[in-house]
Every structure is written in structure tokens, then in C-alpha cells.
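Here is how the chains run, residue by residue.
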Amino acid sequence: RMREVDLGCGKALLIKESGEFHAVGHKCPHYGAPLVKGVLSKGRVRCPWHGACFNIGTGDIEDFPGLDSLPRFQVKIEKEKVYIRASKQALQTQRRTKMMAKCISLSNYNLSSTNVLIIGAGAAGLVCAETLRQEGFSDRIVMCTMDRHLPYDRPKLSKSMDSHPEQIALRPKEFFCTYDIEVLTEMQVAAVDVKSKIAVFKDGFKMEYNKLLIATGNTPKTLSCKGKEIENVFNIRTPEDASRVVKLATSKNVVIVGASFLGMEVAAYLAERAHSVSLVELEHVPFKKFFGERVGRAVMKMFENNRVKFYMQTEVSELREQEGKLKEVVLKSGKVLRADVCVVGVGAVPATGFLKQSGINIDSKGFIVVNKMMQTNIPGVFAAGDAVTFPLALRNNKKVNVPHWQMAHMHGRIAALNMLAHGTEISTVPYLWTAMFGKSIRYAGHGEGFDDVVIQGDLDDLKFVAFYTKSDEVVAVASMNYDPIVSKVAEVLAAGRTIRKRDVDAVVFLSFRTGDMSWLTGKGS
């Protein structure tokens, strides 16, 4: 059982499990979700919004997203009364940064050598650096990024487009100074010599390393049509891109190419600000491959009710300009759309081109191949995040690419632990969310190749749960307006249990109507 209790100057989450009491912070440090509405299971609580998990005994974060842990409070039982002792500061901040080591002899280092080099400063790179420090690593750590900013909350570029870089920073500048995590901004690695353990930068600078993490993420695909170089055509890659699009789109005509997560989130964000928003997509329904046709149609209807116009089963043949700036988008169907701004969201490719001659194993699609410990085929070289394929235990160790924010965090942690020779294998359930018009779809599992979707609830009312099945087995779940069912299923899958299709068909209707999800916890393989 979980209960939110008010201690006067703040609240705590009081938990009773197996006869023992625990008290921790009541808000998820990621985005502030009320954990009392989450899922309690075998010594940890899972956030109802985005799936982060916290140990109820220590408050430590065990699965992601987010960087900080929960504060832990003292609990005492006297004469059948429960007493909680907590500091006012912890009650007010509702977060705790784990203890970290510092670099013990930074001044002794040659500028061109480091113990750990991290290429990329997204979630995977930052979590790797922080985990090393949390584990007592006191040698030099250098992160390098092509970006001009310190690590920031990239999902907000499409969900909250006019955020300033400082508002979405994952850590303040002082944090990196305090814990001796060096970040080289606007620095691009051009090649890696794994035999000499040297990274060569685009400007000619060379850096020796002992351990290497490659977490370069992906590069957005661009249009290949005539006029693609015209001004006011954007791939949203940086906070500057996002804020520039918002500024140019206000009261103007916007065309978005691609009903991807990025494309749809940008369309939703701009719908109230722009004069018109048109979305061009090759498929006949958005999100069909990911959420299935029925959920895709329900989402499409929500967008249409918010003045977004869809042009489906077509693509862009030409971009036309007037005085150097975008004026029209011409579709292969012959339709001509007025456009002051165009946002391209047609997918991405792994940013691994610089590794082609390195000897690091890369598959036919450009993804870095790693094992369960995030190790590449080269000793001392690890890879993490959107640019890798790794064995997913949930799908019988099939090598998959999971370009989710939560997964990048976990990859970074596992890579760090194995740089320190802990022998830790990755074990997590993919979890993602998308936000559009104030509503969220939450999703857990890996539904690639699903052959059926079992839906309960009301798609028209946007209150539903969808179970994605392959043969007889549930491989993923999505929901809208029905928390915490996705976090509940994620806990079941994380425990190694299998949910069969027949169980969903028979029981989910009753569970949905009553809110009782207890039937899920007893299912075994």
C-alpha cells in the first residue's frame, strides 16, 4: 500500500510492503508525477507517467528517465503510530542527487589524454559519466559534443518548442565543474583509431583514451526533392531550431513532412499558434506501424478536430521559393500547399559514418552492434543510445534498436558499470511517451512485428488501452487517459512474466471497468 502524507512543510510517500514501512519523496524527480498513483512491486515504485523506478528502501533510481533519486526519510513505529522524520529541504526539493566522486589529480593530466572519453552528450553520455562518479571513479572523464549546449532534455524540442536552452538543461553548468565532468562543446570526432586508442577531431585535435563510449545518436533524414535548400525548411535538431520554427510559424502557414513522433508533436504544438498546419505522410494513417491502424485513426481524428489538415499517401515533389524564402510545397498528388515554414520529420539514420574504417562492428543499417553489457567487438569500446542495436531480453535477446529517451539512460548506466568491470547485463522494459494537445500516449514493451491489437475502452473518447500481441504473447501495451496501466504491465514484463493474448481477451474488460489490475500480477510463463 502507498499513501501520500502531509508533514506540514511538504509531503512524503509512506509505503507498507511485506509488513515493513518506508518513506520517500512523493514526486518523481523527472517531471513531478505523483508516485502514489504509480505501481508498487517487489521493493520498488514505478512512476505512472514515464516509467522511472525507485527503490523504496533507499530511494535510489533503478530505471529511467531522470537523473536524480528520491530522498529517503526515517520511519519509526511507536504504539501503533507511524512517525516520519524528514528534513525540510528534502521535503521541498523532492529529489536527491547521489553522492559522487571527483577527479583526484586533474592538474596532472595532459590535455590530450583522458581515461574515459564519451562521444556524445545526450542522455546516454551524461548518465554514463554520472554513474562512473557515483561508483567512485576518480579519474579523468571528457565528454564531447557537436552541440553548442551542455546536455539538455531533447524530447522537449518537439513537445515544448519555445523552451530556452537553460530551461531544458539536464544539469546546470556548476554541476559539471563540481564533479569534474569535462564537456567539450562544438567538437566533432572525425575518426577513431582503436589500435592506438586515439579519437581524431574534425579540427585535427587528437585525444588518447583508455575507455571509450560512443553515444552519437542519430542524424535526421533530409528531403531529396527540388528546392530542399530553400530558407525556412527545418530539421529540428537544436533548441535554436525549435524556437526559430515557433517564431516563423506564428500566424503563418506551416507544412510538416512526416507523421513521425517529431512531426506529430510539432504539428500539435503549432496548431494553436499558426494560421494553418498541414501534415504530409506516405502512409494512410499516422503511427500505423507503431500503434496500429485503429489507434492511429483515433489520433488522426484528434488532430483534425484541432485544425490540422492531413495529406496522406503522398510525398513532396518540390519546394518553391519567392525571394529566397519558402512559398509553396508541391505534392506528388499535384496539390500545392501554401507554406511559410516547413518542418521535416521523415526519420533518422545512426550518426556512425565516422566509424566506417575503425574496425568497430556496424550492421548494414549503420547501427553499432553491442552485447548485453553495451560492449562492442573492440575491448574497451562501448556504445549506447539511438545508434546501437542490442539484445533485448523481453524479445528473446533479439538484436533491436530502441531509440527511446528512457533506453538511452539505461544504456549509459550499463556501459559505465561495465567500464568498471561489474559484469552487469541490461535488463529493462522499453518505455516511451508522446504528448499532443495536452494528452499523452504511454507505451511499454517492444511491439515490432505485432500481428494483432486487442483494444478496450473508447477510442473516440481517447480513453483506451491497447495490447499488442505476436502469436499468443503480449509484446507491448499503449494507453491514453488510463494510468497507471502501462506502468503496471511494464512491471509484469520486467519480472519476466508472460501475458497471453487469451488472458487479455478474457479479463481486460473487467479490469478496465473496475480499475482492478490484480489479474496481471499472477500471470506466469
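The name recorded for the protein in an unreviewed UniProt entry is Apoptosis-inducing factor 3, from Melanocharis versteri. Looking at the protein in UniProt, the text filed under Subcellular location (unreviewed entry) is "Mitochondrion". Its UniProt record gives the protein the following Function (unreviewed entry) comment, quoted word for word: "Induces apoptosis through a caspase dependent pathway. Reduces mitochondrial membrane potential."

**Q** Any details on the packing of aromatic side chains? Residues and values, ideally.
**A** Per the counting criterion, the structure on display carries 15 aromatic pairs. Here Phe261 and Phe287 contribute two aromatic rings whose centre-to-centre distance is 4.9 Å and whose plane-to-plane angle is 35°, an arrangement assigned as tilted. Separated by 26 residues along the polypeptide, Phe261 in helix H6 (residues 261–270) and Phe287 in the loop between strand S20 (276–281) and helix H7 (288–291) bring together distant segments of the chain. An angle of 50° between the planes, with centres 6.1 Å apart, marks the rings of Tyr443 and Tyr468 as tilted. Placement of the pair is Tyr443 in strand S32 (residues 439–445) and Tyr468 in strand S34 (residues 463–470), with a sequence separation of 25 residues.

**Q** Pulling in residues and values, what's your account of the environment of Val82?
**A** Secondary-structure assignment places Val82 in strand S9 (residues 81–85). Taking the relative accessible area as the measure of exposure, Val82 reaches 34% and is therefore partly exposed. With 68 residues separating them along the chain, Val82 and Leu14 place their C-alpha atoms 9.4 Å apart.

**Q** Explain the domain arrangement of the protein residue by residue, including any values.
**A** Its domain assignment divides the protein into domain 1 (2–93), domain 2 (113–219 + 350–420), domain 3 (233–346) and domain 4 (438–521). Each of domain 2 and domain 4 has a C-alpha centre, and the two are 33 Å apart. At the junction of the two partners, domain 2 supplies 7 residues and domain 4 supplies 7 residues. Roughly 580 Å² of surface becomes buried between domain 2 and domain 4 when both sides are summed, with 56% attributable to carbon and sulfur atoms. One can count 1 salt bridge joining domain 2 with domain 4. The shortest N-O distance in the salt bridge between Glu448 and Lys398 comes to 3.5 Å. One can count 3 residue pairs in polar contact (both at pLDDT 80 or more) joining domain 2 with domain 4.

**Q** Give me the lowdown on the sheet that holds strand S30 (residues 398–400), citing residues and values where you can.
**A** Strands belonging to one sheet form pairs held by backbone hydrogen bonds; the direction of such a pair is parallel or antiparallel. Pairing is mixed in the open sheet, where 3 strands are placed in the order S27-S29-S30. In the strand order of this sheet, the two ends are held by strand S27 (368–369) and S30, each with one partner. Across 3 bridges, the pairing between strand S29 (residues 388–392) and S30 is antiparallel. Across the sheet, Pro391 pairs through a bridge with Lys399, a residue of S30.

**Q** Requested: an account of unusual backbone geometry, with residues and values cited.
**A** Most of the time, phi is negative for any residue but glycine, and the peptide bond is trans. Going from Phe64 to Pro65, the amide bond is cis rather than trans, its omega being 20°. In this model, Asp483 is joined to Pro484 through a cis peptide bond whose omega is 0°. With respect to the helices, strands and loops of the structure, Pro484 is situated in the loop between strand S35 (473–480) and helix H10 (485–494). Within the chain, Gln94 stands out as a residue other than glycine whose phi angle is a positive 60°.

**Q** Kindly report on the sheet that holds strand S23 (residues 325–331), identifying the contributing residues and their values.
**A** The sheet built from 3 strands is open, its strands ordered S22-S23-S24 with antiparallel pairing. Each edge of the sheet is formed by a strand with only one pairing partner; in this case those strands are strand S22 (316–322) and strand S24 (336–338). Put simply, the sheet's adjacent strands are angled 30° from each other on average, direction ignored. Judged from the 3 bridges that link them, S23 and S24 form a sheet pairing that is antiparallel.

**Q** Give me the state of the cysteines: which residues, what numbers.
**A** On inspection of all chains with the given rule, the structure shows 0 disulfides. Between Cys53, a free cysteine, and Cys47, which holds the nearest cysteine sulfur, the sulfur-to-sulfur gap is 8.8 Å. Among the residues examined, Cys53 registers a relative accessible area of 0% and is labelled buried. Cys342 supplies the cysteine sulfur nearest to Cys225, a cysteine that is in no disulfide, at a spacing of 8.0 Å. When its relative accessible area of 12% is taken as the criterion, Cys225 is described as buried.

What counts as what
Residues numbered from 1 in each chain as written. Predicted model: local features only at pLDDT ≥ 70, side-chain atom pairs only at ≥ 80, totals over all residues. Heavy atoms only, no water. UniProt positions renumbered as here; feature names shortened; annotations may be inferred. Phe/Tyr/Trp six-rings, centres within 6.5 Å; stacked < 30°, edge-to-face > 60°. Helix = DSSP H or I, 4+ residues; strand = E, 2+ residues; numbered from the N terminus. Buried < 20%, exposed > 50% of the residue type's maximum accessible area, 1.4 Å probe, protein only. Domains from an automatic or database assignment. Contact = heavy atoms within 4.5 Å. Buried area = accessible area lost by both parts, 1.4 Å probe. Salt bridge = Lys/Arg side-chain N within 4 Å of Asp/Glu carboxyl O. Polar contact = N/O pair within 3.5 Å; in protein donor to acceptor, adjacent residues only side chain to side chain. Pairing = 2+ DSSP bridges. Axes fitted to C-alpha atoms, helices over the stretch in contact; angles between N-to-C directions. Disulfide = S-S within 2.5 Å.

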